[in-house]
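Observations on the three-dimensional arrangement
Residue-level listing of the chains:
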Amino acid sequence: MNILVTGGTGYIGSHTSLRLIEAGHRPVLLDNLCNSSATVLDRIATLTGTRPTFIQGDIRDRPLLDRVLREEKIEAVIHFAALKAVGESVEHPLAYYDNNVGGTLVLLAAMQAAGVRTLVFSSSATVYGAAQQMPLREDAPLSATSPYGHSKLMIEQMLSDMAAADPRWSFTSLRYFNPVGAHESGLIGEAPQGIPNNLMPYIAQVAVGRRAALRVFGNTYPTPDGTGVRDYIHVLDLADGHLAALDHGHGRPGLQVFNLGSGQGHSVLEVLGAFSRACGRDLPCEIHPPRPGDVASSWADPTRAQAVLGWRARRSLDQMCADTWRWQSTYPQGYDA
Ligand code: NAD
Ligand code: UDP
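Residues numbered from 1 in each chain as written. Chains lettered and ligands numbered in written order. Predicted model: local features only at pLDDT ≥ 70, side-chain atom pairs only at ≥ 80, totals over all residues. Heavy atoms only, no water.

**What about helix α5 (residues 93–114)?**
Taking 1.5 Å of rise per residue, 22 residues should cover 32 Å, and α5 covers 31 Å from first to last C-alpha, within 8% of that figure. The sharpest bend along α5 reaches about 25° and sits at Gly102. Three or more residues of α5 are buried, namely Tyr96, Asn99, Asn100, Val101, Gly103, Thr104, Val106, Leu107, Leu108, Ala110 and Met111. Backbone geometry just after α5 places Gly115 at a positive phi near 75°. (Helix = DSSP H or I, 4+ residues; strand = E, 2+ residues; numbered from the N terminus. Expected span 1.5 Å × (residues − 1). Bend = angle between axes of the 7 residues up to and from the residue. Buried < 20%, exposed > 50% of the residue type's maximum accessible area, 1.4 Å probe, protein only.)

Here it is as structure tokens:
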């Protein structure tokens, strides 16, 4: 299939595009490069032998979308493009509503006009808000604690309303837990700008000497070792989840929602320990107060994805750390260093 991949040069989009090529699809990457580098296209070409079609542009540019959908004969869309920094969304809510909600609205309108009616959407476990009961099933109550989370909830609502109005739409919303890791070649991976917000890229920068020590945000949570517990999922398992969702969803009416997680929780100190093993030395950490808004624990019940899509996460925490370390140690400064 010809598949439009919005946010295709980003972290998850690039790994998914690579997998799409390997599976025989033709991804067309659209990205405004606000949080990624076009260098990733060369790396995908090295790994697959195919340089994906790339269009530098914005999902809010309706004439551009109209042209791309038509000229590239797009049959389905995987929609990654979004701003994703929770803290930044609290400071600049309008930018998040404009980019994430407004951008999706323009994309959906262009798809409707072009008659392209299959979309796989990047949602997030953040839509479960401060839920207490673990593991999280897709039918758990939804809420949001940040404008970023609200933007994901609003988009899921838009998809639900559109699916109800017109049975020709086929929507799949994938709620990712904590994507980490990199392609096993070490050629592509996550390259955050500035100080990483997320745990794994922060630890990776400690390991490579860019940061002094991991700041552990809280060690008195009601968890086995007192530090926060999350469900980490290898980015290639996540990428495979998109292929499974596309295979299953294409042409199937309605909105389908799936958790993509491993179903297993790991604490901050467990992740630090696993990364220390991967890089071969004990990494330093210091205890800091909890980060405002953090929940103690979050992990998925992924049985629906397994039962319906035949998909499950396969790679271990050790493999996530080993692959992150290979990427980080090969390219300590990311893509454009
Ligand atoms: P990323 O920032 O690496 O990728 C997003 C890409 O979208 C970037 O390349 C960016 O340049 C592009 N982009 C942003 N706004 C755009 C616009 N208006 N027009 C065109 N391109 C635009 O992030 P990622 O980690 O790959 O995340 C991909 C998706 O997954 C996002 O929707 C994110 O909210 C969601 N998600 C990510 C995580 C995570 O921890 N990484 C967790 C849950 C959900
Ligand atoms: N965390 C930490 N130090 C960091 C970044 C994160 O201790 O520098 C903790 C955080 O409090 C949470 C876990 O690591 O318990 C995962 O955080 P991340 O931001 O990666 O994911 P999220 O909280 O969005 O699920």
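**With respect to the site of ligand 1**
Inspection of the region around ligand 1 gives 28 residues, with Asp31, Asn35, Ser36, Lys84 and Tyr148 positioned closest. Between ligand 1 and Cys34 there is a distance of 3.1 Å, counted from an oxygen atom to a backbone nitrogen or oxygen. The contact in question runs from a nitrogen atom of ligand 1 to an N or O atom on the side chain of Asp58, over 3.1 Å. Here ligand 1 loses 96% of its free accessible area of 820 Å² to cover by the protein chains. (Near = heavy atom within 4 Å. Polar contact = N/O pair within 3.5 Å; in protein donor to acceptor, adjacent residues only side chain to side chain. Areas by Shrake-Rupley, 256 points an atom, 1.4 Å probe, with all protein chains shown as cover.)

**Let's talk about the pattern of salt bridges**
In this structure the tally under the stated criterion is 17 salt bridges. Salt-bridge contacts for Arg168 lead to Asp166; the nearest nitrogen and oxygen are separated by 3.0 Å. Judged by relative accessible area, Arg168 falls into the exposed class, the value being 54%. A salt bridge links Arg326 to Asp323, with the shortest nitrogen-to-oxygen separation between them at 2.7 Å. Remark: Asp323 and Arg326 occur in helix α11 (residues 317–330); sequence separation between them is three residues, near one turn of the helix. Here Arg326 falls in the partly exposed class, since its relative accessible area comes to 33%. In this structure Asp323 comes out as buried when scored by relative accessible area, which is 3%. (Salt bridge = Lys/Arg side-chain N within 4 Å of Asp/Glu carboxyl O.)

**Observations concerning the pairing of strand β11 (residues 254–260)**
Every other side chain in a regular strand lies on the same face of the sheet, so the side chains alternate between the two faces. The element β11 is largely enclosed, with a buried count of six among its seven residues. In this sheet, β11 lies alongside strand β6 (residues 170–176) in parallel orientation, the contact comprising seven bridges. Bridge pairing links Leu174 to Phe258 in β11. (Pairing = 2+ DSSP bridges.)

**Thoughts on the packing of helix α1 (residues 11–22) against helix α2 (residues 39–48)**
Where α1 contacts α2, the two axes come as close as 10 Å, and the packing angle between them is 30°. One way to sum up the angle between α1 and α2 is to call them roughly parallel. Crossing angle aside, the handedness with which α1 passes α2 is right-handed. Touching Ser14, Ser17, Leu18, Ile21 and Glu22 of α1 are Val40, Ile44, Leu47 and Thr48, all from α2. In terms of residue class, the contact of α1 with α2 is built from five nonpolar, three polar and one charged. (Axes fitted to C-alpha atoms, helices over the stretch in contact; angles between N-to-C directions. Parallel < 35°, antiparallel > 145°, perpendicular 65-115°, else oblique. Left-handed = near helix turned anticlockwise from the far one by under 90°. Contact = heavy atoms within 4.5 Å. Nonpolar A, V, L, I, M, F, W, Y, C, P; charged D, E, K, R; others polar.)

**A few points about the sheet that holds strand β3 (residues 53–56)**
Within the open sheet, the seven strands sit side by side as β3-β2-β1-β4-β5-β6-β11. Their pairing is parallel. Looking at the sheet topology across the chains shown, the edges are occupied by β3 and β11. Adjacent strand axes in the sheet meet at a mean angle of 20°, parallel and antiparallel pairs treated alike. Sheet strands touched by α5: β1 (2–6), β4 (76–79), β5 (118–124) and β6. Its angle to β4, the strand with the most contacts, is close to 175°.

**Concerning the sheet that holds strand β14 (residues 297–298)**
Backbone hydrogen bonds are what pair the strands of a sheet, in a parallel or an antiparallel way. Spatially, three strands are ordered β12-β9-β14 in an open sheet, and the strand pairing comes out mixed. A single partner strand is all that each edge strand has here, and the edge strands are β12 (266–267) and β14.

**Brief notes about the environment of Leu64**
Here Leu64 is to be found in helix α3 (residues 62–71). Residue classification places Leu64 among the buried residues on the basis of a relative accessible area of 9%. For the pair formed by Leu64 and Ala110, sequence separation is 46 residues and the distance between their alpha carbons is 9.5 Å. Not counting residues within four places of it along the chain, the set of residues in contact with Leu64 comprises Leu30, Ile55, Gly57 and Asp58.

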